[in-house]
Each structure stands twice: as structure tokens, then as C-alpha cells.
Amino acid sequence: MLSQAVVKRLKEIVGERNVVTDKVGLLTYGYDGTLLSGEALGVVSPQTTEQVVEIVKLMNEHDIKLVPRGAGTNESGGTIPSEKSVVISFTKMTKIHEIDTENFVAVVEPGVINFDLQVELAKKNFYFPPDPSSFKASTIGGNLGECSGGPKCFKYGVTRDYMLGLEVVLPNGKVIQTGGRNFQSEPGYDLTRIIVGSEGILGLVTKVFVRILPIPRAKKTMLALYDKVEDASQTVADIVAAGIIPTTLELMDNLLINTTEDFTHAGLPRDAGAVLIIEVDGYPEDMDGQVKTIGEIASKIAKEFKVAQTAVEVDQIWTSRRSAFGSVARVRPSYGVNDITVPRSNFPKAIEGVLKVAKDFGVTIGVVAHAGDGNLHPLILFDQRNKEETETVHAAEQALCMMALDLDGTISGEHGIGLVKKKYLDKEFTPAAMEAFRKIKRSFDPSNRFNPGKIIDL
Amino acid sequence: MSNVNISKLKGIVGDAYVIDSPSEMAKYLKGQGKPAVVVLPASTSEVSSIVKLANEKNVKLGVGGVVVDTQGITGGIAMVMSRMNRILEMDHLNLVAVVEPGLLHKEFLLKVAEAGLNFPPEPYVVETSSVGGCFAIGDSDSKSFEYGPTRTFLLGFEMVLPTGEILEIGNKCIKNVSGLDFIHFAVGSQGTFGIFTKLLVKLLPVPEAKKAVIGTFPSMHKANATFNTLIKRNVHPTRMNLINASLAKIAKPETEGQLVIIDLQGFKESGKNIANEVASVLTLGGGSDVKIIEEGAEYDQMINGWLKVRAELNAKPERIVEFVVGPMKMPQALAQLEALTGDLGAYPGIIVEGLLGYVCLALPEGTDKLVLATKVNKLAMSLGGNVKGLLGHKLKAEVYNDAEMWKQTTSLLSELRQQFDPKGILNPGVSLEA
């Protein structure tokens, strides 16, 4: 419980309506995209950097920890409240300060929803490349915190590649700026890069300078259908070997084809083993050549290859992909999203590995993958109310992580570590690397005030 | 009196690779400092043993690929990485290479090209830059608009920490957000967190076609105006560079006036059309001798000319001022700059990287760098930019009249450095206070 004095002070800082302390209110902030939950002492929603500074100082005086939160869509447990903490929600910091297309920069507050920014940018024929599947709900601050990916990473990279500068409130309540409006502004060390993906354990971001790009003049979306997942991964390898860098190489297996079909009726054949969504972008005059090459490569092995002819067809294809996670709820009430990545050459082995885990543990796993990146999202379907089954699922998830590491991969391609994968982190990193993380955390936050217990323990 | 134990060093790397005669040491050193010894390790374990020895005895240690900056290491050790120059792996399936840090950047580019692949970062100083140095400096360059800055191309590394401990991190996955991002944080840390001993480098397929369009202009303003036209037309070449008349002859002998070099890497079809569009824009903008270069050898020569100019400027970092503004703000920037520098064409050196909004000035003899940088920073800030890097941050904080922010930033930087290097032995010449 927060003392009356602290609640009063918080209300003075952010306004009466922006402090939540009632049981029901707190409960709703106790969850994120994972199965975990926690309960905060309070939730506070600042609207300005100055208010964030005041909150940090107040919490420090009372030795209360702060847990930053955007839309809470993350899959890592990164925003689950820890003990004796107040959640600082950035959903009221939603200003787009500036969109400067001439200079390829937008300046936004952390609570801006990715999709809302995209809509504003699209009016000027620009876009912000990172667009995780959650982009209709997730915030720029959250994307930054987890260093989100999305379907375009093969060509365009992840969130870290589009962060030019940040305004950051440090755990001691002081404000610094990292980077600036261009690539050349980091002060000695690349502070922006270490804060991106740090899940709020180093500082609270209150302003973000993002790099924006003109929407490519042309784009082609293709669909290839296969009997087996392995066949699809062969196409991926062949496309890369041909020197083509598609924006997107998305894969769904038979299970996902069926669950998304139930929902979207996009017309994907339900008996296909796998579908590959391939997209290239660039100058119009280069499209035909690339489509032809990709078509030749895919047709060697695919049972069907087609090029979307209309915007409606493109939308239909993407609706299937974007609804993949949610669609499985029709099969079982709960699902666990995994986020393993392997070197591209090991992708076929990773697919085999997933099938083996499903068999060994007797669980149902569907696979969605950013195949060009070697990034797989095996979705394990189950019922959370069944304790025994839940235990099995957790064991299977661990097996998937270990499988990825055995294939020289990583336990997180784009979702982050948070609480969910923290226990496996020392399987991926050597003691020296783990210690390097702690050195960094200690430099920023020696008293462990910001999002304690996420990623690493001090 | 130096604490350096020469015989122990010889025991680690062999007699031949410990050099302590000043005349022989000279070719490995630059700057005013006087290290006691130059040592050339051949392996990670040798680097580790040397660093352990230095750490134990509190000996300062500076590191370089071919040449070591001696600032701050008088009486200490200069470690030259040039014997660790192998490519350990070239992985076509995953588009990555594993490289030792002492390999010359230009040699690496050759090997990568032979393998039919592409490593975009430009060498900092063509003749002497190493791959380790490339990531230790971790700059952006004139290709960064298209390819991203240098850090984009590092997926992992092996590093010897200031305590001698060996740290390995990263993997061949192009998407990896596990743990804190020490991989990219280490890029640009100038050897203060540790010494790279292996680099896991991301590569790309070679572009299908390369072309360049060049032209000369009577003034910097006219030349730069064509860049704005191109950006407005939604044309974003791989490089869009401008070299003032004083430097242009280094890039291309007998050039009269300011030289524009537009580099187009991409596909054959669009390349042809864009080259024509660029050539028209340059011609209409007042350029003369506008030429589309399609032939490979001539293209390489032109790009090498650009790299020579870049090397010339980077070789004397204390004599350059670099700043950035919004790319479309460059006309105002150059107009205001001229009030400070006089005729831009006649200034000892000015380059503009159009898509990055970047300007580098080579200062005339006798110019006070800090005074000029302060003025330039004000100018740049009014146009959405600032002087580059740490110095820029200091000047920015001065403009904001925010001494506290500067204090916070520097204390954070020094805390980070100290966490990794408690005794402050590694590359002490690198200042994090501007």
C-alpha cells in the first residue's frame, strides 16, 4: 500500500485522474502479453518529462521501485510489476512533436502508438520501418524498450536501427539527451543503443527521435505454397543466395494456415504444409526482374506460386499473417509465444527441432516465422487452467530455447528477455558477458530502482 | 622509470615481437607520447596475457591496428594488432565473416569482393585502417543513409577486457535482442571497454549494378542545390558527396572547381534511369563535365578518389570540425558558414555528404578549433543539427545553458568506463570529456 502522503503527492504531480490505487484498477496493470502477473502499489501516468522527473525523485525518497509500461503487449514479462513498485504508464504521453520529412526525422513521445505514427507519416508518404505485429496497439516507447522487430527486418533491421536520439530520465532523476537528429550525435559512447532494448532498467525515455523513410515507390507481394515446411525454407535459402534482399519472408505452417483461414477466409488451401509470404520493394522498374527470379526459385519446389495483383489481395495476405497469434485461440484457450532465432543456415534444423519438441512433450505447436531472419515463433497451444499441462508447456518452451542455443542461435530475436527468459540468459551468455550487463546496469542504476529483476539481477 | 617487464612480454609473444628500440618503434607510433615498448601479439591468449600483466603492474596500454596513438601511454605499452590479420571464416549461407581485428580494412574489402559479397563501411584512413579500428571508431559515413552506420555490421565479437578476461558475445543471427545490447554499445567505444580480438561481421550480397555520376561546379552553393533537388525528387543515391575545390584534385586530378560524386548502387534497370535523372539535375543545376561512369575500373577509381579525400581529413582529427544539419537545411548552413570561413571553395577543405547533412571542415593553420566549433555548433543547432559527437554534446549543453546535463552525461560515461577498466589502463588517451 502506498501511504496517503505519497498518493497525495503523486496526484499533485500528475493530476487526480492519473493516479490509480484501487484494487480493480491495479489488477488491469498487472498483466502483459505473457501468462505472468503481478500487482503494483499504484499506477501513475505522467504527461510531461518534468512530471516524470518529479515522480522519480519522489519514489527515490520513499524507496519505491518504478516499472515503466506502454501498452503492455510485450511477450517477455517486461512490464509485470515487481514487489514494492509503482507502474509508470506512458500512455498519456502521446504527442507527435514533429514530423520532418525533409530531414527524415520524427520526434515523438513514448506513448505514441506505432500505428498512429504510421498513419500520420503515410499522409506525407513516409513510414517508420519497424512494425511489430502488435503495431496497432503497441507504443513507440514499448517498441524501443523491447527492441521490437516485425516482418520487415530482413531488409530494414529492427527498432534499434531507427532510433536517432532519446531524452532519458535517469534513476537519479536527472535528464540527459542521447544522440540527436542524425547518426553522428552520440556522446562518446553510443548511449542510445544501450538504452534501446534495455526494457526500462537503465532509464525512462520521455522523448524519441526516430528515423523515418519515404514509402518505397513500388512493392510486390508474392505467395508460395508448399507441401512441407522444409521446402519453404529451401526457397528462403535460394532467394538469399541469388543476392535478393526481400523486405519480407514470412512463413506459416499448416496449423496456422488453418486457424487464420477460420478467421480471415483468405482462401489459403487448408491442406498446404506451409505458406511463404514474400515481399520486395524499391523502384518500379526493378520489380519485374526480382519477381521473375523469385518465381523461378520458388516454383522449383513450391506447389503453387502467385503474385498478388491488387491491393485487396495484398491486404488479404497480410491479414492472415497479422492475425496469426490471435487466431489460435479458436483451437485452445491459451498459447505461449516463443521467439527463438537461429543462423539462417540452421533454419531447417530449427523446424525439425520444433517438431521434435512437439512430439517429445506431446504438445501442439504451430509455427510462424520471419524465415529470412531465421526468427521462429513456435506457438504452443494449451489450456492455462490445467496446471499439469501448463507445466509441460513451460518445459517445452525451455526445450525450444535450448534447441536454439544448440543451433548457435539466440533465445530472443525480437521479444526481449524480461522475466520469462531471464532464467535461460546465462545459457546464452558467458559469465563475462553477464557481468558486462551488470556493469552497465550498475553504472546507470546502482540502487536498482528501475524495473528491478528484469533481464538480470544485480 | 617504467614498470614494463620486457622479458615477461618476450616470454608471451616471442623476442621478435617485442620492440623497445626507439628507432624501430617509431613506425608503429604516432603522437607525442613515449611508450616503453611496442608489442605485437598473434593470438587472443597473448593479448590477454599482456593485458593481465599491464593491469597487475598498473601499466598504461594503447592499442592500434597498424599504428598506435601514443597519447597517455608514456612509459607504457603500445599494442599493435597487425599480426592478427586472418579471415577465420567467410560464411556465404549466413552472409557473415569472422575476422581478426588487425586485418587492414582495405584488404578485407578485397577479400569480401572476391567472395562476391559486400561490406559497406568505408575505411577511415584507407592505407592504415584495420577492421578492428573500423568498429572501435564506429563511425557513420557517406553510405550510411542506404546501409546504416558501421555498427549495423557487427553481430558479435571476442574482446579482451582491461582485466585480461576474455568476453565473447553475439552469434550469426541477424536478429538478436537478447540481454543488454553490449554488442552495439561496444562499437565506437574506442577500445575503452576492451580490445577486439575477433569480429563477427555482417555482410550483404553485392549490388547488381554500380554507377557513378560526377560533375564540377563553380560554387559549393550551386553544387549543393542539386542535392536538394534530388532529395525533393525522391532520389536517394548510395552516396551524394561534394568536395570543395581545394580538395577536389585529390579525388580527381585536374579537377577545376567543386566536385560532385553521386554513387548509385542497386539494380540495373533503375540504375540506368536514375543515373540519367541525376545527370540532368546536375547539368541543369549548372554543373559542367557531367558524366555517367559505368565502366568498373573508372568507377573504382572515382570511389577511391573519394576515400583518399576522406583519409586526408580523418588523418588529422584535431584539425577538423564536423557538424550535421538536416539534409534539406544544407543551403542555409553553407550560406551561414561562409560568413565564418570566407569563400567555401578556397577554404583548405570542405566536404558535404548530402543525404546525411554532414559537413567536415579542414581548418586553416592557426585557427582555434574550439572557437570555430562553438560558432559552427550554434549555426548547426539553428538548422536541426549540432557539431558531431562528444564535443557537440558539450557545446549543445552550453547553448541550453544546462551544465547539469553535461555533468550527468560525462559522469555516466566515466562510470561506465570505470566499471570496465577500474585502473584506467586501457587507451588512456581517449578522452570522454571533450
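Residues numbered from 1 in each chain as written. Chains lettered and ligands numbered in written order. Predicted model: local features only at pLDDT ≥ 70, side-chain atom pairs only at ≥ 80, totals over all residues. Heavy atoms only, no water.

A.B. asks: Outline helix 15 (residues 403–420) of chain B, listing residues and values.
C.D. replies: Each full turn of the α-helix corresponds to 3.6 residues, which orients residues three or four apart in the same direction. For helix 15 of chain B, which comprises 18 residues, the first-to-last C-alpha distance of 26 Å matches the rise-based estimate of 26 Å (1.5 Å per residue) to within 8%. Within the sequence span of helix 15 of chain B, burial applies to M405, W406, Q408, T409, T410, L412, L413, L416, R417, Q419 and F420 of chain B. Elements that come into contact with the buried residues of helix 15 of chain B comprise strand 9 (175–179), helix 7 (191–195) and helix 16 (431–444) of chain A together with helix 7 (182–185) and helix 14 (389–400) of chain B. (Helix = DSSP H or I, 4+ residues; strand = E, 2+ residues; numbered from the N terminus. Expected span 1.5 Å × (residues − 1). Buried < 20%, exposed > 50% of the residue type's maximum accessible area, 1.4 Å probe, protein only. Contact = heavy atoms within 4.5 Å.)

A.B. asks: Can you break down the interface of chain B and chain A residue by residue, with the values?
C.D. replies: Of the residues lining the interface, 75 residues belong to chain B; the matching set on chain A comes to 83 residues. Surface buried jointly by chain B and chain A totals about 6700 Å² across both partners, of which 60% is contributed by carbon and sulfur atoms. A salt bridge links D373 of chain A to K175 of chain B, with the nearest nitrogen and oxygen atoms 3.1 Å apart. Counting the contacts that link chain B with chain A gives 27 residue pairs in polar contact (both at pLDDT 80 or more). Broken down by secondary-structure element, the contributors of at least two residues to the side of chain B that touches chain A are helix 6 (144–147), strand 11 (166–170), helix 7, strand 13 (204–205), helix 10 (268–284), helix 14 and helix 15 of chain B. Of all the elements, helix 15 of chain B adds the most residues to the side of chain B that touches chain A, at 11 residues. Partitioning the side of chain B that touches chain A into residue classes produces 35 nonpolar, 25 polar and 15 charged. (Buried area = accessible area lost by both parts, 1.4 Å probe. Salt bridge = Lys/Arg side-chain N within 4 Å of Asp/Glu carboxyl O. Polar contact = N/O pair within 3.5 Å; in protein donor to acceptor, adjacent residues only side chain to side chain. Nonpolar A, V, L, I, M, F, W, Y, C, P; charged D, E, K, R; others polar.)

A.B. asks: Quick rundown of helix 11 (residues 311–322) of chain A? Include the residues and the values.
C.D. replies: All names here are of chain A. Its 12 residues give helix 11 an end-to-end C-alpha distance of 16 Å, which sits within 8% of 16 Å, the value for a rise of 1.5 Å per residue. Among the residues of helix 11, V314, I317, W318, S320 and R321 are the ones counted as buried. Projected down its long axis, helix 11 shows its buried positions confined to an angular sector of 150°, all on one face. Looking at helix 11, the residues exposed on the side facing more than 90 degrees away from the buried face are A311, V312 and D315. (Arc of directions from axis to C-beta.)

A.B. asks: An account of the state of the cysteines is requested, with residue identities and associated values reported.
C.D. replies: Applying the stated rule across the entire model yields zero disulfides over all chains. No disulfide involves C134 of chain B; its nearest neighbouring cysteine sulfur is the one of C360 of chain B, lying 17 Å away. The class for C134 of chain B is buried, based on a relative accessible area of 9%. For the unlinked cysteine C173 of chain B, the closest cysteine sulfur is that of C401 of chain A, found at 13 Å. For C173 of chain B, a relative accessible area of 2% corresponds to the buried category. (Disulfide = S-S within 2.5 Å.)

A.B. asks: Go over the pattern of salt bridges, please, and point to the residues and values.
C.D. replies: Residue and element names in this part refer to chain A. On inspection of all chains with the given rule, the structure shows 48 salt bridges over all chains. K422 is the salt-bridge partner of D457, the closest N and O atoms lying 3.0 Å from each other. Taken as a pair, D457 in the segment after helix 16 and K422 in the loop between helix 14 (387–406) and helix 15 (425–428) lie far apart in primary sequence, 35 residues in all. Assessed through its relative accessible area of 44%, D457 is described here as partly exposed. Under the relative-accessibility criterion, K422 is labelled partly exposed at 21%. Look at the salt bridges and you will find they share partners, linking K8, R9, E12 and E54 into a network.

A.B. asks: Which residues make up the sheet that holds strand 4 (residues 61–64) of chain B, and what values do they have?
C.D. replies: Residue and element names in this part refer to chain B. Pairing is mixed across the open sheet formed by four strands, whose spatial order is 1-3-6-4. Where the open sheet ends on each side, the last strands, each with one partner, are strand 1 (18–19) and strand 4. In terms of strand pairing, strand 1 meets strand 3 (residues 37–39) through two bridges, oriented antiparallel. Along strand 3, the bridge assignment pairs I19 with V38. (Pairing = 2+ DSSP bridges.)

A.B. asks: Now, about the packing of helix 8 (residues 229–241) of chain A against helix 10 (residues 284–299) of chain A: what can you tell me, with residues and values included?
C.D. replies: All names here are of chain A. Running from amino to carboxyl end, helix 8 crosses helix 10 at an angle of 145°, the nearest separation of the two axes being 9 Å. In the crossing of helix 8 with helix 10, the sense of the turn from one axis to the other is right-handed. Where helix 8 abuts helix 10, its residues T235, D238 and I239 lie against I294, I297 and A298. Considered class by class, the residues forming the contact of helix 8 with helix 10 number four nonpolar, one polar and one charged. (Axes fitted to C-alpha atoms, helices over the stretch in contact; angles between N-to-C directions. Left-handed = near helix turned anticlockwise from the far one by under 90°.)

A.B. asks: Give me the lowdown on the sheet that holds strand 19 (residues 349–353) of chain B, citing residues and values where you can.
C.D. replies: Residue and element names in this part refer to chain B. Spatially, 17-14-16-15-19-20-18-21 is the arrangement adopted by the eight strands of the open sheet, whose pairing is antiparallel. Each edge of the open sheet carries a strand with a single partner, namely strand 17 (288–293) and strand 21 (386–387). Where strand 18 (residues 320–324) and strand 21 come together, two bridges link them in antiparallel fashion. For V324, the partnering residue across the bridge sits in strand 21 and is N386.

A.B. asks: Let's hear about the packing of helix 8 (residues 220–232) of chain B against helix 12 (residues 330–341) of chain B: which residues, and what values?
C.D. replies: All names here are of chain B. Closest axis-to-axis distance for the helix 8/helix 12 pair is 9 Å, and the angle between their directions is 165°. Classed by the angle they form, the pair helix 8 and helix 12 counts as roughly antiparallel. For the pair helix 8 and helix 12, the sense of crossing is right-handed. Between helix 8 and helix 12, the residues in contact are M220, H221, N224 and N228 and M330, P331, L334, A335 and E338, respectively. Taken together, the residues of the contact of helix 8 with helix 12 sort by class into five nonpolar, three polar and one charged. (Parallel < 35°, antiparallel > 145°, perpendicular 65-115°, else oblique.)

A.B. asks: Can you tell me about the UniProt feature "domain: FAD-binding PCMH-type" (unreviewed entry) in chain B, naming the residues and giving the values?
C.D. replies: In the numbering used here, UniProt assigns the feature "domain: FAD-binding PCMH-type" (unreviewed entry) to residues 31–206 of chain B. Secondary structure over residues 31–206 of chain B splits into 22% helix and 26% strand, and the C-alpha atoms at its two ends are 39 Å apart. (UniProt positions renumbered as here; feature names shortened; annotations may be inferred.)

A.B. asks: Account for the packing of aromatic side chains, with residues named and values stated.
C.D. replies: Considering all chains together, one arrives at 18 aromatic pairs over all chains under this definition. Ring geometry for Y127 of chain A and Y156 of chain A: centres 6.1 Å apart, planes at 90°, overall edge-to-face. Taken together, the residues span a long stretch of sequence, with Y127 of chain A in strand 7 (residues 126–127) and Y156 of chain A in helix 6 (residues 153–156) at a distance of 29 residues. On the basis of relative accessible area, Y156 of chain A is assigned to the buried category, the value being 15%. Aromatic pair F193 of chain B and F420 of chain B: ring centres 4.6 Å apart, planes at 45°, arrangement tilted. Here F193 of chain B is found in the loop between helix 7 and strand 12 (195–202), whereas its partner F420 of chain B is found in helix 15, with 227 residues between them in sequence. A relative accessible area of 0% places F193 of chain B in the buried class. (Phe/Tyr/Trp six-rings, centres within 6.5 Å; stacked < 30°, edge-to-face > 60°.)

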